[in-house]
Amino acid sequence: MTPPATDPLPAPMRATWRDYLALTKPKVISLLLWTTITAMFMAARGWPGLWPLIVVSLAGYMSAGSAGVFNMIIDRDIDLKMQRTAKRPTSSGLISSRNAAIFGTALQVLSFALLWVFTTPLAAWMSLAGFIFYVVIYTMWLKRSTWHNIVIGGAAGCFPPLVGYAAVTGNLDLFAGYLFAIIFFWTPVHFWALALMIKEEYREVGIPMLPVVHGDRMTVAQIGLYAIYTVVLSLMPVYFGAVGWVYFVSGAALGAWLLVLSWRLYRHVMSGAKVEKKVAVPLYLYSMLYLALLFVAGAVDRML
């Protein structure tokens, strides 16, 4: 009997546009892009213009997507060992590292060019800085070497609002710095809530996330501390007159619930109970909503 014919095409040739889209981590990018766009409204104190919105949205997605591509290339060895990442296009071999690198490079070059030509050079440099910080500082260095990886490396996610702000104004002021700082202190709260739930996967691949290195109690204590930092820092622009009562009321209400959920997780773990999704997932999901709504509040307040 004649054996069935085999497909002569290599795996990368069978990849579709959906697989290349998956390389860019669209779910992760959505919140980053949201902070970029809302920062544009804050900077403009109103409508920033349709064309700038289109350019920054497109370029911002490409830059963050490029960072996601190179993250998958570098981490393909550990992604293959983790259940939630094993089917990523690079770890599964569907898209070769070479093709992924070409795709990622093209995205980054085009993103930089769009921002430079159609917005401001500072916006282009801020976007590139975020890319370098995520790929080189976080992925290539911190992620596998220290439990401070999320604290320091999380700064990569703080650059998107600077891109949006600089695209409108051409400069960065104190308020833009606060937007950066809010995300910086928010990131550990958000990510460690997730890390608590998948710490065994990190342990198996040797990634020194905080729950793996110092345990659950240390992690929830740090989450609580950073939640306090986040809420206090988020309200400081009111003191300097950068925002008004709309932002203050919204930020206080949003922050109060962030602290409540952080406290519930802290109390649960400190009681000796194991981390359960019913207490970790609400904080993880709400933290994303918190940041999105806080930036909306800032945009609305500055437009009034």
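The structure presented is a predicted model; accordingly, all values stated were derived computationally and were not measured.

Visitor: I tried to follow the overall build of the chain on my own but got confused; where do I start?
Guide: Helices and strands together make up the secondary structure of the chain, namely 13 helices and zero strands. In sequence order, the chain lays out its α and β elements as α-α-α-α-α-α-α-α-α-α-α-α-α. A globule of 304 residues ought to have a C-alpha radius of gyration of about 19 Å, and the chain, at 21 Å, matches this closely. Judged by the C-alpha coordinates and their principal axes, the chain covers about 80 × 55 × 30 Å. A sequence separation of at least 24 residues applies to 74% of the contacts in the chain between residues at least 6 apart. A total accessible area of about 14,200 Å² is found for the chain, and carbon and sulfur atoms account for 70% of it. Distance from the positive charge centre (22 side chains) to the negative charge centre (12 side chains) of the chain: 2 Å.

Visitor: Quick question: what am I supposed to make of the pattern of salt bridges here?
Guide: Pairing between side chains of opposite charge can happen when their charged atoms approach one another. Summed over all chains, the structure comprises seven salt bridges. Close ionic contact of Arg203 with Glu200 constitutes a salt bridge, the shortest N to O distance being 3.1 Å. Taken together, the residues span about one helical turn, with Arg203 and Glu200 both in helix H10 (residues 199-205) at a distance of three residues. For Arg203, a relative accessible area of 40% translates into the label partly exposed.

Visitor: Help me out: how do you make sense of the packing of aromatic side chains in this one?
Guide: The geometry of an aromatic ring pair comes down to the distance between the two centres and the angle between the two planes. Counted according to the given criterion, the structure contains 22 aromatic pairs. Look at Trp116 and Trp125: their rings are 6.1 Å apart centre to centre, the planes differ by 80 degrees, and that puts the pair in the edge-to-face class. What links up through ring pairs into an aromatic cluster is the set Trp147, Phe184, Phe185, Trp192, Tyr226 and Tyr229. Directly above the ring of Phe175 sits Arg302, whose terminal nitrogen or CZ lies 4.4 Å from the centroid.

Rules of the game
Every chain is numbered independently, its residues counted from 1 as its sequence is written. Local features in this predicted model are restricted to residues of pLDDT 70 or higher, and side-chain atom pairs are both shown and tallied only at a pLDDT of 80 or more, whereas totals for entire chains, interfaces and linings draw on every residue. Hydrogens are left out, water is left out, and the side-chain values use all remaining heavy atoms of the structure. To qualify as a helix, a DSSP run of H or I must reach at least 4 residues; to qualify as a strand, a run of E must reach at least 2; elements of each kind are numbered from the N terminus. All radius of gyration figures rest on C-alpha atoms, and the globule criterion is 2.2 Å times the number of residues raised to 0.38. Should any heavy atoms of two residues lie within 4.5 Å, those residues are counted as being in contact. Computed by Shrake-Rupley with a 1.4 Å probe, the accessible areas treat only the displayed protein chains as cover when residues are assessed. Positive charges come from Lys and Arg alone, negative charges from Asp and Glu alone, with His and the N- and C-terminal ends not counted. To locate a charge, the coordinates of NZ of Lys, CZ of Arg, CG of Asp or CD of Glu are taken. A pair is scored as a salt bridge if a Lys or Arg side-chain nitrogen falls within 4 Å of a carboxyl oxygen belonging to Asp or Glu. Exposure categories follow from relative accessible area, calculated using a 1.4 Å probe and restricted to protein chains: below 20% of the type maximum is buried, above 50% is exposed, and the middle band is partly exposed. Geometry of aromatic contacts follows a simple scheme: Phe, Tyr and Trp rings, the Trp one being its six-membered ring, pair when their centres are within 6.5 Å, and the pair is stacked under 30 degrees between planes, edge-to-face over 60, tilted otherwise. Whether a charge sits over a ring depends on NZ of Lys or CZ of Arg being within 6 Å of the ring centre and within 35 degrees of the ring normal.

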